[in-house]
Amino acid sequence: MVNLEASSTQGSALLFRAGPRNSWLAKVYAKAVKYPHASVSSNDIFDLDLFPGETDFRMFSEFGGVPGLDIASYARGYLYHTIYDDLEHLDLYFVQQLLDTSWSLIEKLCGPEEMLALGDFATPNSVDKFQGDKAIYFDVLGLFTVVYDMRIGIPIHLCLAFVTLLLILLQTSGHNVQQSSHKLQMSLLKFTGLTIWYLIKALLLVVLLLLAVFIPAVLTGLTLKYTLNQSMSWYGKEHCVLMIFLPPMIANFIVWLRFGLYFLAKPGYRIELAHHSVLFFACIVLPPFSILKLGMSYIAGSNLLFGIMAIFVSNPLLKSIIQSIPFAITGVPIFGVMLDTWVAVMGRLGVYAKPDIIIGVVMAFCLFCFGILPWASWLAVASRKVVRLIYISCLVVFLLGLGLCFSRDVYARESPKRVFINHFYDSETQNN
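Residues numbered from 1 in each chain as written. Predicted model: local features only at pLDDT ≥ 70, side-chain atom pairs only at ≥ 80, totals over all residues. Heavy atoms only, no water.

Caption draft 1: Fine view of helix 10 (residues 297-311). Its 15 residues give helix 10 an end-to-end C-alpha distance of 21 Å, which sits within 8% of 21 Å, the value for a rise of 1.5 Å per residue. The element helix 10 is extensively covered by neighbouring structure, given that twelve of its 15 residues are classed as buried. Regarding helix 10, the residues found buried are Ser 297, Tyr 298, Ile 299, Ala 300, Gly 301, Ser 302, Asn 303, Leu 304, Gly 307, Ile 308, Ala 310 and Ile 311. (Helix = DSSP H or I, 4+ residues; strand = E, 2+ residues; numbered from the N terminus. Expected span 1.5 Å × (residues − 1). Buried < 20%, exposed > 50% of the residue type's maximum accessible area, 1.4 Å probe, protein only.)

Caption draft 2: Molecular detail of the pairing of strand 3 (residues 68-73). With six of six residues buried, strand 3 lies mostly within the body of the structure. Bridging between strand 1 (residues 2-6) and strand 3 involves five bridges; their strand directions are parallel. Bridging from a neighbouring strand, Asn 3 pairs with Asp 70 of strand 3. In this sheet, strand 3 lies alongside strand 2 (residues 14-19) in antiparallel orientation, the contact comprising five bridges. Among the inter-strand pairings, Arg 17 is bridged to a residue of strand 3, identified as Asp 70. (Pairing = 2+ DSSP bridges.)

Caption draft 3: Summary view of the side chain of Arg 270. Mapping Arg 270 onto the fold places it in helix 9 (residues 270-291). Glu 272 provides the closest opposite charge to the buried, salt-bridge-free Arg 270, at an N-O distance of 12 Å. Side-chain polar atoms of Arg 270 contact the backbone oxygen of Ala 265, separated by 3.2 Å. Beyond its immediate chain neighbours, meaning those up to four positions away, Arg 270 contacts Leu 261, Tyr 262, Ala 265 and Ala 380. (Lys, Arg positive; Asp, Glu negative; His and termini not counted. Salt bridge = Lys/Arg side-chain N within 4 Å of Asp/Glu carboxyl O. Polar contact = N/O pair within 3.5 Å; in protein donor to acceptor, adjacent residues only side chain to side chain. Contact = heavy atoms within 4.5 Å.)

Caption draft 4: Up close: the environment of Leu 349. As for its position among the elements, Leu 349 is in the loop between helix 11 (316-346) and helix 12 (355-370). Sequence separation between Leu 349 and Pro 52 is 297 residues; the distance between their C-alpha atoms is 8.5 Å.

Caption draft 5: Inspection of the state of the cysteines at higher detail. Counted according to the given criterion, the structure contains zero disulfides. We note that Cys 366 lacks a disulfide partner, and the nearest cysteine sulfur, in Cys 369, lies 7.7 Å from it. Since its relative accessible area comes to 0%, Cys 366 is described here as buried. (Disulfide = S-S within 2.5 Å.)

Caption draft 6: Structural context of the confidence of the model for the protein. The share of residues in the protein with pLDDT of 70 or more is 84%, and the mean pLDDT across the chain is 83. A low-confidence stretch, residues 114-130 stays under pLDDT 50, and its non-local contacts, those more than four residues away or across chains, total 14 contacts. (pLDDT = per-residue confidence, 0-100.)

Caption draft 7: Examining the sheet that holds strand 3 more closely. With respect to topology, three strands assemble into an open sheet ordered 1-3-2, the strand pairing being mixed. The open sheet has two free edges, formed respectively by strand 1 and strand 2, since each of these has just one partner strand. Across this sheet, the average inter-strand angle for adjacent strands is 20°, counted without regard to direction. (Axes fitted to C-alpha atoms, helices over the stretch in contact; angles between N-to-C directions.)

Below you can see the structure in the form of C-alpha cells.
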C-alpha cells in the first residue's frame, strides 16, 4: 500500500514511515524515486508515539499487517483541515512532486520481478524472512537514498562505537603517561583510575551542555507565556521561532562549555576534552539505539565516522568543520522537518498543552543533536573577541525576533489557529 497523506498543501513529499517489515519497501523507494525525500527518524517518532497525530496508514500497517509506504507533505501545515485548505492555496510543485514519487513507486512495485530482486527470495519462507528485516533509510540532499538493513547496521554501529572509544582511550593514555610523576611507568591501578576519571569528566561535560541548551529553552517558553503574555506569538513564522529560541540556547551553550572546561581540563587539553565528550556521548547513545532497532541510530553512527577522522586533526576550527559534515548532510534536513511540522501542530493542540514550552524543548533537541554540538571543539578555545561577537549577535537576533512577533497579527489568515469550545449540558436541570 502507498498512502498519500497531505498535512499541508506545499513543500516536498516526505517518506516518513515504511512498514511493517520495511527493508524491501525502502529499497524499492531508493531505486524508484529520482528526487527522494526520506527520513527513518520520522518512522521512529511515530513508532514511539512521540508525535501528536496519526494517518490512515496505521490501520493497514499495525492492525492489518499490510506492508506499505506512508508519504506526506508537511511544510506550512497551518491550513490543514481549515476552510482555507482548498485549491487556491495548493502548490502545483507539491502536486507534481507527489505525482512523480507515487507514479515511480507504483511502477516499480507492479513491475517485473527483477526490479524487486524477487529472484533472491522467491520461496514463501524466504519472503517472510526478508520482509522481517528493518531498514535504515535517509536521503542525501535530495540526490539519492541510502538504505541498509538493520541486521547489517547493528554490527557496523557497534564496531564504530568500539573503535571510537578505543581511540579516545589511546589518546587519553598518552596524556596520562605524560602527566605522571617523573614520567615513570604508571601502575595499572593508577592508569585505570585516571582513564575512568577522564571519561567521567567527558560525561559531566555532556550533561552540563544538555542542561545549558534545555534550561533556556524552557525558560524562554515560560517567559513568553507568563511574563510577556505573548503565548504562541511566533506561530505561523518559523523564522521567529529560530530567532527567539535559538540565541539564548547558543549563548548559554558557549558560557557553560567554557565554564565547564575551565574546571575540568587544563588549557592544553580543553580542545580534546570537548571533542572527546561529543564522541563519548555518541558512543553511549549508539549501542542501545542500535540494539533497540531505532533507525535514527545512523545519526550517531555518522557522527562517529567523521569524528574518528577529526581526532587526527589538531586545528580546532578544522576539527569542528569535519565533525559538522554529517550534521549538515543529515541533521539540517531533519531540523527543517521538525521545525515545519511541530510549529504547525502547535496550533491544533490548544493552550492547555503549553505550546511555547513544547516548541522550546523540540528546538533544544534539534539544536543539541543536529546543530551546535560539533562546534564544541572550536568554541572551547575561540578568542574572547569572537565569543563577544557571538553574544552580541545572539542578543540582537533575539530582540529582533521578539519585535517581529509583537508587531504581527497572530491570527493571520495564512496561519489560522484552532479554537476549542467546550459545550456542557446538565442532564438534570437541562441547562447548557
